[in-house]
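Chain by chain, the residues run as shown.
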Amino acid sequence: MILLLKTAAAPVRKEMRAGARRELNATWKPTLQQFAKTAQQQKVIVRGARAKVGSDNFQMLAATSRRSLSGGLNPATQWHGAEFGANPKRVEVSIRGNRRTQIAGRNFGPRQQRGKVAFPAARKVGPRIVAAWVNGIVKGLARGNKNLETR
């Protein structure tokens, strides 16, 4: 399969990668949405989900959105709390000269070592993702060859 990806004509290779990307996105994004239980997880992890397909491999990505949320959190760099939770801790803040203590990290929920959204989703659909990659390549090859014949 990988040899076919590397030796096919350039337009066919392009169509094969595009077909694989379509198949992987159709499997990956809905699975992430099933595992995301909070609006925060939807915004941070699911919104930036996509598949990256190369000539000999693929990657399933989540939390790649670089657009900051309204509170300032950047999903691409600060996704860890939404995926793994956080241990709340007390911090001293000063607002207009008034000192007070706040608890930071409560909105992420308790720590969970194995993840809450992307990691369990990847464990669940791993074999289906590989099958979708192969299926997408085969469909892309068929579509790419048809395009070459009509030219």
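Criteria and cut-off values
Residues numbered from 1 in each chain as written. Predicted model: local features only at pLDDT ≥ 70, side-chain atom pairs only at ≥ 80, totals over all residues. Heavy atoms only, no water. Phe/Tyr/Trp six-rings, centres within 6.5 Å; stacked < 30°, edge-to-face > 60°. Helix = DSSP H or I, 4+ residues; strand = E, 2+ residues; numbered from the N terminus. Expected span 1.5 Å × (residues − 1). Buried < 20%, exposed > 50% of the residue type's maximum accessible area, 1.4 Å probe, protein only. Pairing = 2+ DSSP bridges. Arc of directions from axis to C-beta. pLDDT = per-residue confidence, 0-100. Contact = heavy atoms within 4.5 Å. Core = buried A, V, L, I, M, F, W, Y, C linked by side-chain atoms within 4.5 Å. Patch = residues over 30% accessible without salt bridge, like charges linked within 9 Å, V, L, I, M, F, W, Y side chains within 5 Å. Areas by Shrake-Rupley, 256 points an atom, 1.4 Å probe, with all protein chains shown as cover. Salt bridge = Lys/Arg side-chain N within 4 Å of Asp/Glu carboxyl O.

## Regarding the packing of aromatic side chains
Going through the model one piece at a time under the given rule, you end up with three aromatic pairs. Ring centres 5.1 Å apart and planes at 45 degrees place the aromatic pair Phe58 and Trp133 in the tilted group. Here Trp133 lies in helix 5 (residues 118-150) and Phe58 lies in strand 2 (residues 58-61), a separation of 75 residues in the sequence. Pairing Trp79 with Phe84 gives two aromatic rings, centres 6.0 Å apart and planes at 45 degrees, and the pair type is tilted.

## Quick word on helix 2 (residues 10-35)
Helix length check: helix 2 (26 residues) gives 38 Å between terminal C-alpha atoms against 38 Å at 1.5 Å per residue, within 8%. Burial in helix 2 covers these residues: Val12, Glu15, Met16, Ala18, Gly19, Ala20, Leu24, Thr27, Trp28, Thr31, Leu32 and Phe35.

## Thoughts on the pairing of strand 3 (residues 89-95)
By the bridge criterion, seven bridges tie strand 3 to strand 4 (residues 98-104) in an arrangement that is antiparallel. Across the sheet, the residue bridging to Ser94 is Arg99, located in strand 4. Here strand 3 folds back onto strand 4 in antiparallel fashion, the turn holding two residues, of which Arg96 has a positive phi close to 55 degrees.

## Some thoughts on helix 3 (residues 39-46)
Among all positions in helix 3, only Gln41, Val44, Ile45 and Val46 are buried. Viewed end-on, helix 3 has its buried residues packed into an arc of 155 degrees, placing them on one side of the element.

## Considering the confidence of the model for the protein chain
For the protein chain, the mean per-residue pLDDT works out to 87, and 94% of the residues sit at or above 70. Ranking the helices and strands of the protein chain by mean pLDDT puts helix 3 first, with 94, and helix 1 (residues 2-7) last, with 70.

## Brief notes about the side chain of Thr31
Among the structural elements, Thr31 can be located in helix 2. What Thr31 contacts, discounting residues up to four positions off in sequence, is Ala121, Val125 and Arg128.

## A look at the nonpolar core
Ranked by internal contacts, the top residues of the largest apolar core, which has 27 residues, are Leu24, Trp28 and Leu32. Of all the secondary-structure elements, those providing two or more residues to this core are helix 2, helix 3, strand 1 (50-53) and helix 5.

## Looking at unusual backbone geometry
In the Ramachandran plot, Ala63 falls in the positive-phi region, its phi being about 60 degrees despite a non-glycine side chain. One can find Ala63 in the loop between strand 2 and helix 4 (80-84). Using a relative accessible area of 6% as the deciding quantity, one classes Ala63 as buried. Despite not being glycine, Arg96 has its phi angle at roughly 55 degrees, a positive value. Following the sequence through the fold, Arg96 ends up in the loop between strand 3 and strand 4.

## Considering a nonpolar patch on the surface
On the surface, a cluster of nonpolar side chains totalling about 200 Å² of accessible area is made up of Val130, Val134 and Val138. Position of Val134 relative to the elements: it lies in helix 5. Note on Val134: relative accessible area 31%, which makes it partly exposed.

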